[in-house]
Amino acid sequence: MDKLNILMVGSGGREHALIRKILESSRVNKLYCAPGNGGIGKDSICIDIPVMDIKKMVDFAKENSIDLVFVAPDDPLAAGMVDTFTEAGIKAFGPTAAAAMIEASKVFSKDLMKKYDIPTAKYEVFDDPKEAVKYIQSLESFPTVIKADGLALGKGVIIAESLKDAEDAISSIMEDMKFGASGKRVVVEEFLTGPEVSVLAFTDGKTLFPMVSSKDHKRALDNDQGLNTGGMGTISPNPFYTDEIAKICEETIFMPTIEAMNKEGRPFKGCLYFGLMITQNGPKVIEYNARFGDPEAQVVLPRLKTDIVEIALAVIEERLNEVEIEWSSDPTACVIMASGGYPNEYKKGIEIFGLDENGQVNGATVYHSGTVFKDGKFYTNGGRVLGITATGKTLDEALEKAYCAVDKITFDGAHYRKDIGKIR
Ligand code: AMP
Ligand code: GLY
């Protein structure tokens with residue numbers, strides 16, 4: 001089998017987990033990451049190209065005989081990076097811009113679910129703040145959920161506990177444009193309750209293989225207090241995702257979504273992320289993402305036993321049905337160490353202690369999210385800094401190993417949740 005030159009686009013913990021998995025493949029010749037980070041630089045060749053510079057990215061790929069590209073983050077997918085690579089004759093894993101709309105526009109995804117009877121929260125769409133306020137004034141109970149239409153770094157969702165909160169949310173999203181152009185339209189939706197489950201799936205638009213389930217911990221502080229973040233830790237599998245629930249999801253959500261996208265002329269190829277809530281009336285979709293979740297990838301990918309390069313090629317070449325995907329039954333846990341202040345303002349450039357020269361620590365795998373490596377030392381360079389991940393025979397063993405490794409790492413202001421995997 002030919003060996004391939006591979007380019008990863010992105011710079012977070014998710015990309016580091018993908019890189020680590022790709023390194024297990026027998027198909028790798030050279031492995032690059034653009035732009036990467038301090039830890040990723042220990043495992044691949046980092047290239048200083050911003051993720052949204054599609055032209056430079058494609059030029060680099062042509063000049064360096066890249067055979068396969070993974071586009072990991074949402075923004076370049078929504079901007080059509082996969083389309084551009086494909087037009088240039090380079091294989092790229094990820095959805096087209098047309099298919100990435102399933103994440104890039106909440107209005108699109110809600111309308112899709114309504115049209116094709118895919119279970120989700122009831123909702124209304126507004127492009128006029130006055131109309132939105134009139135509607136929320138007519139609501140009989142709170143909380144209600146207000147979502148900016150477009151991509152907003154995972155922060156464009158406000159759970160309004162009262163009419164005043166809801167009015168403030170409309171005003172900050174639609175008038176002050178807190179999330180930029182993302183807030184031109186809003187979705188106001190029914191507040192649902194129940195455990196949340198993340199299920200990522202490989203799909204080539206015909207076949208869909210769900211990956212092992214996971215659970216994200218989105219709030220910044222213990223006991224699900226504090227602000228929403230990109231994710232403060234994950235476990236896999238998700239204890240709430242029983243075989244019975246999985247069967248319902250496959251029948252009522254996963255395949256119907258693939259078929260809906262085909263009917264809309266937007267076949268989805270890549271990794272499709274289902275953010276689900278298991279409500280008393282069955283599982284419902286909270287959101288779709290057009291990519292691997294972060295930090296879901298950090299617990300799901302370590303359990304993947306099948307060669308990810310082979311899977312990616314099968315997805316791109318629409319022959320996923322030929323592949324058998326195997327998973328380890330050992331649970332995994334990931335604890336995110338974040339910068340003091342995150343998800344609000346935080347400082348960068350703080351020295352990290354406790355990592356070895358490869359950015360690792362004994363007893364766990366350290367996926368780097370926001371770090372730089374300078375003059376032999378690692379420094380913080382983002383809100384989420386490190387994802388400390390461990391595997392065990394049980395979830396408790398995985399958590400114990402992960403927290404044991406977390407104890408060995410320090411940097412000024414570091415904060416992490418102490419209750420990852422505890423809410424079951
Ligand atoms: P999203 O970015 O759409 O995943 O929303 C972020 C988080 O907000 C989710 O993980 C949920 O915890 C919460 N959320 C979103 N929509 C709803 C809803 N309809 N009801 C209750 N919680 C929600
Ligand atoms: N962890 C949720 C996300 O990647 O959006």
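Conventions adopted
Residues numbered from 1 in each chain as written. Chains lettered and ligands numbered in written order. Predicted model: local features only at pLDDT ≥ 70, side-chain atom pairs only at ≥ 80, totals over all residues. Heavy atoms only, no water. Salt bridge = Lys/Arg side-chain N within 4 Å of Asp/Glu carboxyl O. Buried < 20%, exposed > 50% of the residue type's maximum accessible area, 1.4 Å probe, protein only. Helix = DSSP H or I, 4+ residues; strand = E, 2+ residues; numbered from the N terminus. Pairing = 2+ DSSP bridges. Axes fitted to C-alpha atoms, helices over the stretch in contact; angles between N-to-C directions. Near = heavy atom within 4 Å. Polar contact = N/O pair within 3.5 Å; in protein donor to acceptor, adjacent residues only side chain to side chain. Areas by Shrake-Rupley, 256 points an atom, 1.4 Å probe, with all protein chains shown as cover. Nonpolar A, V, L, I, M, F, W, Y, C, P; charged D, E, K, R; others polar. Phe/Tyr/Trp six-rings, centres within 6.5 Å; stacked < 30°, edge-to-face > 60°. Contact = heavy atoms within 4.5 Å.

> Even after reading the chapter, I still don't get the pattern of salt bridges, so can you show me in this structure?
Pairs can form between side chains of opposite charge whenever their charged atoms are close. Overall, the coordinates contain 26 salt bridges when judged by the stated rule. One salt bridge connects Lys 21 with Glu 24, and the closest N-O pair in it is separated by 3.0 Å. When its relative accessible area of 58% is taken as the criterion, Glu 24 is described as exposed. For Asp 224, the salt bridge is made with Arg 417, and the minimal N-O distance between the two is 3.1 Å. Residue Asp 224 is located in the loop between β13 (219-221) and β14 (225-228), and its partner Arg 417 is located in the segment after α12 (395-406); the two are separated by 193 residues in the primary sequence. Note on Arg 417: relative accessible area 0%, which makes it buried.

> What am I meant to see in the sheet that holds strand β11 (residues 208-210) here?
Paired through their backbone hydrogen bonds, the strands of a sheet run either parallel or antiparallel. Across the sheet, which stays open at both edges, the four strands sit in the order β11-β10-β16-β17 with antiparallel pairing between neighbours. The open sheet is flanked by β11 and β17 (282-289), the only strands paired with a single partner. Adjacent strand axes in the sheet meet at a mean angle of 35°, parallel and antiparallel pairs treated alike. Inspection of the sheet shows strand β10 (residues 196-203) paired to strand β16 (residues 270-279) by eight bridges, in the antiparallel sense. Counted as the bridge partner of Phe 202 is Cys 271 from β16.

> Looking at this structure, I do not really get the site of ligand 2. What am I missing?
Taken together, Asp 216, Gly 230, Tyr 273, Asn 289, Arg 291, Gly 293, Asp 294, Pro 295 and Glu 296 are the residues near ligand 2. Measuring from a nitrogen atom of ligand 2, one finds a backbone N or O atom of Gly 230 at 3.2 Å. Coverage of ligand 2 by the protein amounts to 88% of the 200 Å² it exposes when considered alone. Here the residues of the shell around ligand 2 are counted per class, giving two nonpolar, three polar and four charged.

> Would you explain the packing of aromatic side chains in this entry?
We describe a pair of aromatic rings using the distance from one ring centre to the other and the angle between the two ring planes. Tallied over the entire structure, the rule returns 10 aromatic pairs. With a centroid separation of 5.5 Å and an interplanar angle of 45°, the aromatic rings of Phe 70 and Phe 93 are classed as tilted. Remark: Phe 93 occurs in strand β5 (residues 91-93) and Phe 70 occurs in strand β4 (residues 68-71); sequence separation between them is 23 residues. Relative accessible area serves as the criterion here: at 2%, Phe 70 is assigned to the buried category. Where Phe 254 meets Phe 274, the ring centres are 4.4 Å apart and the plane angle is 35°; that geometry is what we call tilted. Placement of the pair is Phe 254 in helix α9 (residues 243-263) and Phe 274 in strand β16, with a sequence separation of 20 residues.

> Quick question: what am I supposed to make of the side chain of Arg 14 here?
Residue position: Arg 14 is located in helix α1 (residues 13-23). Its relative accessible area of 8% is what places Arg 14 among the buried residues. Leave out the neighbours within four places in its chain, and Arg 14 touches Ala 72, Pro 73, Arg 291, Phe 292, Gly 293, Asp 294, Ala 297 and Gln 298.

Just distances and angles here, no functional claims.
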